[in-house]
Amino acid sequence: KLFRTAIKTSITHYIHFGDIHKRTGQVSINKAGYCHRITMTNDSSYESDLDSTLSEGQYSMYDEPKSRMVEGATVYIRDQFYSWIPATIESPEDDKKTVKVKVSLPRDWEEQTVKSTLRGSQNMKMERVVKLSDYKNDELPLQNLEKDGVTAVGKNDIADLENLHEAAILYNLKRRHADSQPYTRVGDILVAVNPFHWIDGLYSEEKQGFYAKNLIWSTQPTDPSSTPRRNSALATAAAEKKALGYEYEKLGIDPHPYETSSLAYLGLALEGNDQTILVTGESGAGKTETIKIVMNHLATVERSRPLWPESDRKATSGHGSETINKILQANPLFEAFGNAKTVRNDNSSRFGKFTQLQFDVESVEDAAKEGRAVPSCHLAGSKCITYLLEKSRVVSVAEGERTFHIFYQMLGAPDDEKQKIWEGLMGSETSDFSYLSKTSTSIDGLAGAENWPDTVAALSVFGVHGDAFLNVMRSLCVILQLGNISFDVELHDGEERAIISSREELDKLSSLMGVPAADIETALTMRFMNTRGEEFTIFLKENEARDGCDALAKEIYARVFDLLVTKCNEATEPQGLPSDDLRTISLLDIFGFESFKVNKFEQLCINYANERLQQKYVIDNFQAIKLEYEEEGVNVFDFSLIDNSEVMHLLEGKLGLITQLNEECIKKVGGDENFVYKFKVVNSDSNRMIQDPLHRPYEFGIRHYAAPIKYDARMFIERNLDKIPTDLLKCACQSTNPLIREEFQQMSNKLLEVPKPGGLKKRSEATKHLVLTKFKTQLTSLMSLIEKSRTRYIRCVKPNKGMKPRMIDHPHTVSQLESAGLVTAIVISRESFPNRLTYELVMERFKFLTYKFDNCHLNSGDVKVDSNTLLSNLLSGITADSHLGRVAPFSCGKTNVYFRAGALEMIETIRQDYYAKSAIQIQALIRSVQTRRRFRTLKRGMIRFQAEVRCWLVQATFARKVQSAVTIQCFIRKCLATKELLRRRKNHASTVIQSRWRGMKPRVEFKAICKAVLVLQCFVRVVLSKKAFALKKKEREEQTVMERRISIIHQTFDDAATVQGAAAVSIDEGLIDEVETMFATLRKEIVEVRKKNAKLEKQLAEAETTKQAISIHSSSVDHAYSLLKTRNEQMVTTNMTLLDNINHRRKEIENLKTHLKTQERAHEVKLQTLSEEFEMALRQHETEQCTMQRRINASAILHQREIQALREEAERKQEEHYSEISRLREEVKGAKNSNQDYRRKLMGVLETTQESRRNVVAPSINMILSKKDDEIDELRDEVARLHQSRGSEGNGDNDEARKEAAKSMKYIVKKNRENRKSQVRQLSTLTSQLEESLGSGDLSQMQKIIASMNETIKTGEMANSKMDREVVNMIDNPVLYSSEGIANADAALVAENKKLRRKSEIKVSFACKKCGYEENGRKGLERGISRPGMMRQSAGRSLGRTLS
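Each chain carries its own residue numbering, running from 1 in the written order of its sequence. Predicted model: local features are reported for residues with pLDDT of at least 70 only, side-chain atom pairs are reported and counted for 80 or more only, and whole-chain, interface and lining totals are derived from all residues. In computing side-chain values, all of the structure's heavy atoms are included and hydrogens and water are not.

### Points about the overall build of the chain
Scanning the chain from terminus to terminus reveals 39 helices and 29 strands. Out of the 1444 residues belonging to the chain, those deemed buried represent 40%. Long-range contacts, defined as pairs at least 24 residues apart, comprise 70% of the intrachain contacts of the chain with a sequence gap of at least 6. Only the protein chains shown count as cover for residues, and the accessible areas themselves come from Shrake-Rupley with a 1.4 Å probe. Accessible area of the chain: about 82100 Å², with a carbon and sulfur share of 54%. Helix numbering and strand numbering both begin at the N terminus, where a helix is a DSSP run of H or I of at least 4 residues and a strand a DSSP run of E of at least 2. Each residue is assigned to one of three classes by its accessible area relative to the maximum for its type, calculated with a 1.4 Å probe on protein chains only: buried under 20%, partly exposed between the two thresholds, exposed over 50%. Residue contacts are defined here by distance: any two heavy atoms, one from each residue, within 4.5 Å place the two residues in contact.

Rendered as C-alpha cells:
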C-alpha cells in the first residue's frame, strides 16, 4: 500500500493509456501504436523496456531505428485480390530491401472471407518476395494477434490496437463481425458493420437499461456546499487531466448505438446543448435500422430512470406515451412510402430525413432540489425534414430493383379493402401495371401483404383514415393507371402526332381522377402556347407525351409524400410548449455515397450532400487542430489528405457546377452538352476535375473524397428544372380527388408568383426555384442547425455485396473505410501531436530532472527557453517519423509544448524513475520501523501463546487419563454383562421346556374329547337324516299316486270327446263335483305337508348352526396347540443355528484372511505382467505411428511437389506482367531520385546573388510571355469562330447595341486596369519586404508577409470576378457584341495582360524562384495566362506552401 501510494501521483497522469497489474505492479501503456512497459518490484531493481510497434502511418522513437523484419515475424502484405492478407516472414534477403514471406491464412478464412472471382485461396501464391520500399518506413505492417499467436485480436476500440494501420483496422472489424459483434469504436466515432442477421439479446430492454444505467443514471450529483477553494482545485485538476490527454474511457462497456444515444441524452440533460447524431454510409450499410435503434432508445430512455414508478413503466399510458407512440409509428410509415429495394439493399431509403426529437429539459437547479443527479428530459414532440425524394423511381427502376414498398403492400391487401379503394384493384397483380411489371413479380419482405396492416395503422395514428385514407390510396392508383396509358403515332399532314391507343385504360384513369377523358387526352397529347396575344396549339410526339405522363405521376407521388410528412409533423408537434424552450437531439439519415455504371442527376445531388457532410466531419475533427497549430506556430500536417474544399469549390464556387448548370437552365436554348463544355473549360485548372479525352460530349468526371465518379449529363437541365407542363397542371386541378386538386392548386399558385427570367431580373431570383438551388439552400440550413449542436458520428459499413452474415469482402470494406475517412483520420492523428502541456506545467513537473545532466542550467529567466533546454536534454537522440522525415519528438509553440506519440510517456517514465528510487528509500525506513514494532508485538504475543499452549497440554493430558479410566470401566462392565447373559440364556431354555411339557397332557385329553364329540354328532345326524328321508319318500309316493289319477281323468275326457264330438258331449255334473272335491282335499293335504317340511327344515338349520360352532371351537383349540408346538421347535432350532453360525463365521473370517493374502500376491503378479504387456504394446504403437507419419510426410511432399508444379505453371504465365510492374516501379523510383536531385540543385540557388537570380529568371519569363501570347491568339480565334457560327442567331442590324456593348467592355477593362495597378503596387511592396525577410531569416515576419499577400490576392480576385463573368458571357453570347467591340475588348485585355506580366507575374515567379520552387511557380504562371486572377491565386498558394 505504501509503495503504491508513493507512486500514485505520477502514475495517475498517464494511467489511462493502459492497465495496472495488481500482482506484479506492471504498468502497460498503449496509445497510438506505442507501447512502454514499466516493471516495478519491491527491491531496488527497476526495469524499463521501450518497444515501438512500427506500421504504416506510425511513429518510431529510437536513437537508431532498427528493422523488425526478422524471421518469424507475422505481418500483412498487399494483395491485388484481397487488399491485405496475413503472412509470415521466412527470411530477409541479403540486400535488406526485400523479404521472403509465406502467406499464412487462418483456419476460418473460407468461412469469413468473400472469395474473389479472380482468385481463390486454393490457387493463391503462398510464397512471395516483397519489396520493403513499397511500404511505409520500409517495413511491413505487423499483425495484432491473441496469446495463441494465430487468432487476430478484436478490440472494442480500434485506437487500442498495438499496431494501428489499414490492415489492422480491416482484420479487427473482420474478427468482431465473425463473432457477431457488429459495433466498434474509433475514439468517439462508432463504426457499425451490418451483420445481415438478427442477434438475440443485442437490442433487448435489458441492454437498453444497462447503457442507460452506466452512462446516464450513474452520474454523481455535484455538491452545492463545496467551497470556492475546493471548486478551484477541482477545476485545476480537470485542466491538468485534459492537458495530459485524459479522455472519457468506457471501460467494460461494449460499443453500441445505445452508447451514442445515451451520451447524447446525457449531454442534453447536463449541458443543455442540442445534440446531433450523423449516420453515414453507403446503401445497404444499415443506416435506416441504426436510426430506428437510436430513436427507439431515445424515446424510452426516461422510463429507465431508477426512480421512475414501476407501474408507469409497465403501463401503456403515461407521461408522453402518446407522443412516443406517434414518433415511433412514423418509422413504418416512412419505410412504406420512402423505401424501396435496390441492388444493394432490400430496404434502401430513397430520401433524406432529418429528424429532430424535441425534449422538455429540466433545469439543473430544479433537478438538484429533487435529488436527481441527471435532470429529466421528457420527449415532447418531433419534427421531420425530408430531402431529395427519388420520385423518378415511380416511373422507372433499374434491373433487379423495385419501386416504393407501398405499391406492393396495396396490391397485397385483402380484396375487400382493395374494393373500397378502387374496384380496378380487385384481383390485380404487379404484372397488370406498367410501372410495376418491369420489377420482380413476387411480393415479399417489407413489401409483402403482412406489412399492409402496419402501414394502415400508422396512417390512422397520424389522422389519415376514412376519406383521407381513400384519397391517398386512390392517388397511388392514379399513378399506377398513368403508367398503363400507352401512346401511338398518327401522321397528319406529314407530321407525327401522339395519340392515346389504350382507350379502356384512359376511361379507368378518367373515373379515378374525376376528369373527362377528352380533357386528359388533350392535356397529355397537346400543348397550348400564347405568343403576342395569339394562342398556338402544338401536337406532341410520342416520347414527349410519355414524358409528360411520367412527370405527372412523379409529381403526384411527391405531393402525397409531402402531405404525409406534414401530417406527421403536425401530429408530433409539441403541445403547449414554446419552441424556444425545447432542446433537440437530431438524427440525420441521408443517402450514402453512390457510384453506378451510369451516374445521373440524382447521384450528383446525393454525392454533393455527402461532400457537405464530409466537410462538416473534417471541420469538427481536424480543422480546429489545424487552426490551433497555426496559431501556435507549429508545423501543420498535410491537411490536403482529407480536405475536400477543392471539391466544394468545384461544386459551389462562383463558376462551379451549380452556377453553370443554373445559368444553362435559365437560357432559352440551353443544352446538356453546352453545360458540360462550359463547366470543363471554366474549371480546367481544378485538380478535382477529371480531364479524360475519351469522355463523350455529355460526360464529365469529378474526383470526390470517396472515389472518382463519371457523370452522364443527359437530362440534367430537365431534372434540374423539374417542371410540369401547364396543361397537365390545369388538368390535375380539375380532379375530384381532394388531395390531388388541392396540392396542384397550391403548386399552380406558387408558379404564378415565380418571376420569369429576364435581363433586368437578378439571377438569384431566376434560379431559386431550380432543384439544385433549393437543395443547396436546404443543405446550408441543415449545416447551420448541425453547427449549433454537439455532433456525434456513426459510420455504417456494408461488409459484402451479397448480404451474407459473418463474411467480409476485403476490397469492398477497405474502400468504405477510405470513403469514411477512418484510415486517413488515423494517419492524420499520427502526424499530429496527441499531448500538449503548458510551459509552466512542464517546468513544474520535470524541472527536478536536471540533476541527471551536468550542463543543463535553467537560469535564463525565460520559461520557454528553459523548457526547450530541459526537453532537449531529456529527449536527446530521440526522433520520430513524419511525412517530413525524421523530426524532433516535440515542438514548442507560443503557449504550449506539443509532444508526438510516445514522447510524453517517455519523459513520464524518466520522472517515474526518480519517484521509484525515492519510494524505495522511504520503504526501507518505514519497513525497519514496522519490523521493530512488529518484533515487540510478536514477542509479547509469543509469551502469551506459550502460556496458552502449556495450559492446553495439561488439560489434554488430564482428558486422556479420564478417557482411559472410562475405557477400562466399560470393558469390565462388558465382561460382567456377557456372563449374566449366558446364565439367563440357560435358565430361559429350561423354563421353556417345562412349560411345553406341562401343556402337552391337557392338549391330548382335549383332542380325545373332540373326537368323541364328532362321533356323537355323526350318529345324531344319521338318525335325523333317516327320519327326514322317510317323510320325503312318503310325500313323494302320495304325489305320484295323485298325478297318476289326474292323468287317468284327463285320458277319460279325451276319449269321450273323440268318440261323441266335442260340441255335443254331455258331462255328468256329479262326476265334476267329485273331481273338484278331490282337488280341494289334495290341496289341503299339500299345504299341511309343506308346513311340516318348513318346521323340519328350521330344525335342521339350527342343528347345522350348532354343529358349525362346535367345529370352529375345536379347530381353534387345535390351531393354538399346533402353534405352540411349532414355536417351541423353532426356538430350539434357532438357538442351535445361531451357535453353529457363530462358529462358522469365525472359520470363514480366518479363511477370508488367508484368501485375501493369496489374492493380493496374485494381483501384484498379474499387475506386473499387464504393465509389461502395456509397455510392449505402446512401443509397438509408436513404431506403427512413426511408420504412418513417414508415409504421410512422403505423401505430403509428393502433393506439395505437384502443387508447386501447378503454381510454377501459373506463375510462368504472369512473369511478363510482374516484370512490367517491376520496370515501372524502377522508373518511378528513378523519377523520385531525379526529382530529389533537382530539388537539391534548386536549393543551391539561395547562395547566389540577386543579379544571378534575375538572369536565371529572364528566359523563363520570355518563354511564359510567348506561351501567353499564343493562348491569347487562340482565345481571339475562338471568339471569332463563335461569333461567325452564331452570328445568324443574333440581330446584326442593331448597331447601337453593338456600340453600347463595346463601350461596356472598354469601361470594364479600364476599371479592372485601375484595380490591378493598385494590386500590383501592393504586391511589389510586399515582395520587397519578403526578399528582405528571406535575407534576414525571420520566419515569423515571412509568414505575416505571405498572409498579407494572400489577402491582397483574394481581394483582387473578388474585384475581378465581375470582369471574368462578363468575359464568360461574351464567350456564351458573342452575337451580343459587335466585331468592333470584340476587337476593342481583345486589345484592352491584351494590353492589360502585358502590363500585368511586367509587374505582378515577374515578382511572383521571382519569389518562387528564390524559395527553390521554380517549377510549381512556372506552372502556376502558365495556368494563369488565360485567367490572370486564377494565376495570381495559384502562384500565391505555391509561394505559401514553399515558404512554410
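### Examining the environment of E718
Relative to the helices and strands, E718 resides in helix α23 (residues 716-721). Along the sequence, E718 and D672 sit 46 residues apart, while their C-alpha atoms lie 9.1 Å from each other.

### Section: a positive patch on the surface
In this analysis, a patch consists of residues with relative accessible area above 30% that form no salt bridge, clustered at 9 Å for like charges and at 5 Å for the nonpolar side chains Val, Leu, Ile, Met, Phe, Trp and Tyr. For this analysis, a salt bridge means a side-chain nitrogen from Lys or Arg found within 4 Å of a carboxyl oxygen belonging to Asp or Glu. We count Lys and Arg on the positive side and Asp and Glu on the negative side, and we leave His and both chain ends out. Charge positions are represented by NZ for Lys, CZ for Arg, CG for Asp and CD for Glu. On the surface, R932, R933, R936 and R940 cluster together to form a positively charged patch. Topologically, R940 is positioned in helix α32 (residues 903-1060). Judged by its relative accessible area of 57%, R940 is exposed.

### A closer look at the sheet that holds strand β15 (residues 377-387)
Consider a sheet: its strands pair through backbone hydrogen bonds, and that pairing is either parallel or antiparallel. Should DSSP find at least two bridges between two strands, the strands are taken to pair. Reading across the sheet, the seven strands line up as β9-β10-β24-β11-β20-β14-β15 and stay open at both edges, with mixed pairing between neighbours. Every interior strand has two partners, whereas the edge strands, β9 (183-186) and β15, have only one. Sheet twist, expressed as the average angle between the axes of neighbouring strands with direction ignored, equals 20°. Of the pairings in the sheet, the one linking strand β11 (residues 275-280) to strand β24 (residues 790-797) comprises six bridges and is parallel in character. Note on geometry: axes are C-alpha line fits, over the in-contact stretch for helices, and angles between N-to-C directions span 0 to 180 degrees.

### A word on unusual backbone geometry
Notably, S180 is not glycine yet its phi reads approximately 55°, a positive angle. The phi torsion at M715 lies on the positive side, around 75°, for a residue other than glycine. Here M715 lies in the loop between β23 (708-712) and α23. The class for M715 is partly exposed, based on a relative accessible area of 35%.

### Considering the nonpolar core
Definition of nonpolar core: a set of buried residues of the types Ala, Val, Leu, Ile, Met, Phe, Trp, Tyr and Cys, connected through side-chain atoms within 4.5 Å. Counting 72 residues, the largest nonpolar core has F337, F407, M473 and F744 as the members making the most contacts within it. Tallying contributions element by element places helix α18 (residues 542-571) first for this core, with 11 residues. Residues within four places of F744 in sequence aside, it is in contact with L552, E555, I556, R559, I724, L729, A732 and C733. L173, L604, M689 and L772 belong to the second largest nonpolar core, which has 64 residues in total.

### Looking at a negative patch on the surface
A cluster of acidic residues, D488, E490, D493, E495, E496 and E542, forms a negative patch on the protein surface. Mapped onto the negative patch, the elements with two or more residues apiece are β16 (487-492) and β17 (495-500). Tracing the chain through its elements places E490 in strand β16.

### A few points about the pairing of strand β20 (residues 583-589)
Of all the seven residues making up β20, six are buried; the element is thus mostly covered by neighbouring parts of the structure. Two elements, β11 and β20, share five bridges in a ladder whose sense is parallel. Bridge pairing links Q275 to I585 in β20. Here strand β14 (residues 352-361) pairs with β20 via seven bridges, running antiparallel. Bridging across to β20, F359 finds its partner in R583.

### Regarding the packing of aromatic side chains
For Phe, Tyr and Trp, where Trp contributes only its six-membered ring, two rings pair if their centres lie within 6.5 Å, and the inter-plane angle classes them as stacked under 30 degrees, edge-to-face over 60, or tilted in between. Summed over the entire model, instances satisfying the criterion amount to 27 aromatic pairs. Measuring from ring centre to ring centre gives 6.1 Å for F675 and F679, while their planes differ by 15°; the resulting arrangement is stacked. Linking F675 with F679, this pair stays in helix α22 (residues 672-682), spanning four residues, or about one helical turn. Members of the aromatic cluster, joined through ring pairs, are F601, F675, F679, F700, Y711 and F716. Two conditions define a charge located above a ring, namely a distance within 6 Å from the ring centre to NZ of Lys or CZ of Arg, and an angle within 35 degrees of the ring normal. Positioned over the ring face of Y408 is R402, at 5.2 Å from the centre of the ring.

### Focus on the packing of helix α15 (residues 467-484) against helix α16 (residues 503-513)
The angle between the axes and the distance between the axes are what describe a pair of packed helices. Running from amino to carboxyl end, α15 crosses α16 at an angle of 160°, the nearest separation of the two axes being 9 Å. The angle between α15 and α16 falls in the class roughly antiparallel. Seen from above, α15 lies across α16 with left-handed handedness. Residues R474, C477, V478, Q481, L482 and N484 of α15 lie in contact with α16, whose contacting residues are E505, K508, L509, L512 and M513. By residue class, the composition of the contact of α15 with α16 is six nonpolar, two polar and three charged. In this scheme, roughly parallel covers angles under 35 degrees and roughly antiparallel covers those over 145, while 65 to 115 is roughly perpendicular and the rest are oblique. Helix crossings get a hand from a simple test, with the near helix turned counterclockwise from the far one by less than a right angle marking a left-handed crossing and a clockwise turn marking a right-handed one. Side-chain classes are defined by residue name, with Ala, Val, Leu, Ile, Met, Phe, Trp, Tyr, Cys and Pro counting as nonpolar, Asp, Glu, Lys and Arg as charged, and the others, Gly among them, as polar.

### Quick notes on the confidence of the model for the chain
On average, residues of the chain carry a pLDDT of 76, and 74% of them reach 70 or more. One confidence number per residue, pLDDT, is output by the predictor and ranges from 0 to 100. Taken as a whole, residues 1-65 scores under 50 in pLDDT and shows 181 contacts with residues more than four places along the chain or in a different chain. Predicted confidence is poor over residues 1245-1253, with pLDDT under 50, and the contacts of this stretch with residues over four places away or in other chains come to eight contacts.

### Observations regarding the pattern of salt bridges
Tallied over the entire structure, the rule returns 34 salt bridges. The partner of E390 in a salt bridge is R350, with the nearest N and O atoms 2.5 Å apart. You can see E390 sitting in the loop between β15 and α11 (405-411) and its partner R350 sitting in the loop between β13 (348-349) and β14, a full 40 residues away along the chain. For the pair shown, E390 and R350 are each scored as buried. Ionic pairing is found between E664 and K678, a salt bridge with its closest N-O pair at 3.8 Å. One end of the pair, E664, is in helix α21 (residues 657-666); the other, K678, is in helix α22, and 14 residues separate them in sequence. In this pair, the class of E664 matches that of K678, namely buried.

### Overview of helix α27 (residues 771-787)
Because an α-helix completes one turn every 3.6 residues, residues spaced three or four positions apart along the sequence face the same direction. Multiplying 1.5 Å by the residue count of a helix minus one yields the expected span of that helix. Taking 1.5 Å of rise per residue, 17 residues should cover 24 Å, and α27 covers 24 Å from first to last C-alpha, within 8% of that figure. For α27, the set of buried residues is V771, L772, T773, F775, L779, L782, M783 and I786.

### Looking at a nonpolar patch on the surface
On the surface, I968, F971, I972 and L976 cluster together to form a nonpolar patch covering roughly 440 Å² of accessible area. If you trace the backbone, I968 turns up in helix α32. By relative accessible area, I968 is classed as exposed at 53%.

### Regarding the sheet that holds strand β8 (residues 127-131)
If you trace the four strands from one edge of the open sheet to the other, you get β5-β6-β7-β8, paired in antiparallel fashion. What marks the edges here is a single partner per strand, and that holds for β5 (74-79) and β8. Pairs of neighbouring strands in the sheet enclose a mean axial angle of 50°, with direction left out of account. As paired elements, strand β6 (residues 83-92) and strand β7 (residues 98-103) share five bridges and run antiparallel to each other.

### So, the side chain of H297
Locating H297 in the fold gives a position in helix α7 (residues 287-300). Judged by relative accessible area, which is 2%, H297 ranks as buried. Other than its neighbours up to four places away in sequence, H297 contacts Q208, A212, Y258, S261 and S262.

### A closer look at the packing of helix α4 (residues 205-217) against helix α6 (residues 257-271)
Interhelical geometry of α4 versus α6 gives an angle of 40° and a closest axis separation of 9 Å. The orientation of α4 relative to α6 falls into the category oblique. Considering how the two elements wind past one another, α4 and α6 form a crossing that is right-handed. Contacts between α4 and α6 involve K207, Q208, Y211, A212, L215, I216 and W217 on the former and, on the latter, Y258, E259, S262, Y265 and L266. Across the contact of α4 with α6, the residue classes break down as eight nonpolar, two polar and two charged.

### Remarks on the pairing of strand β22 (residues 699-703)
With four of five residues buried, β22 lies mostly within the body of the structure. Two successive antiparallel strands, β22 and β23, enclose a turn made up of four residues.

### Brief notes about the state of the cysteines
The disulfide criterion is simple: two cysteine sulfur atoms within 2.5 Å. Tallying each qualifying case throughout the model produces zero disulfides. Among the cysteines around C731, which has no disulfide bond, C733 carries the closest sulfur, lying 9.1 Å off. By relative accessible area, C731 is classed as buried at 7%.

### Describing helix α19 (residues 601-632)
Here α19 contains 32 residues, and its C-alpha end-to-end distance of 44 Å stays within 8% of the 46 Å for a straight helix at 1.5 Å per residue. Along α19, the largest kink reaches about 45° and is centred on F622. Following α19 by one or two positions, G633 has its phi on the positive side, about 75°. The bend reported for a residue corresponds to the angle between axes fitted to the seven residues ending at that residue and the seven starting there.

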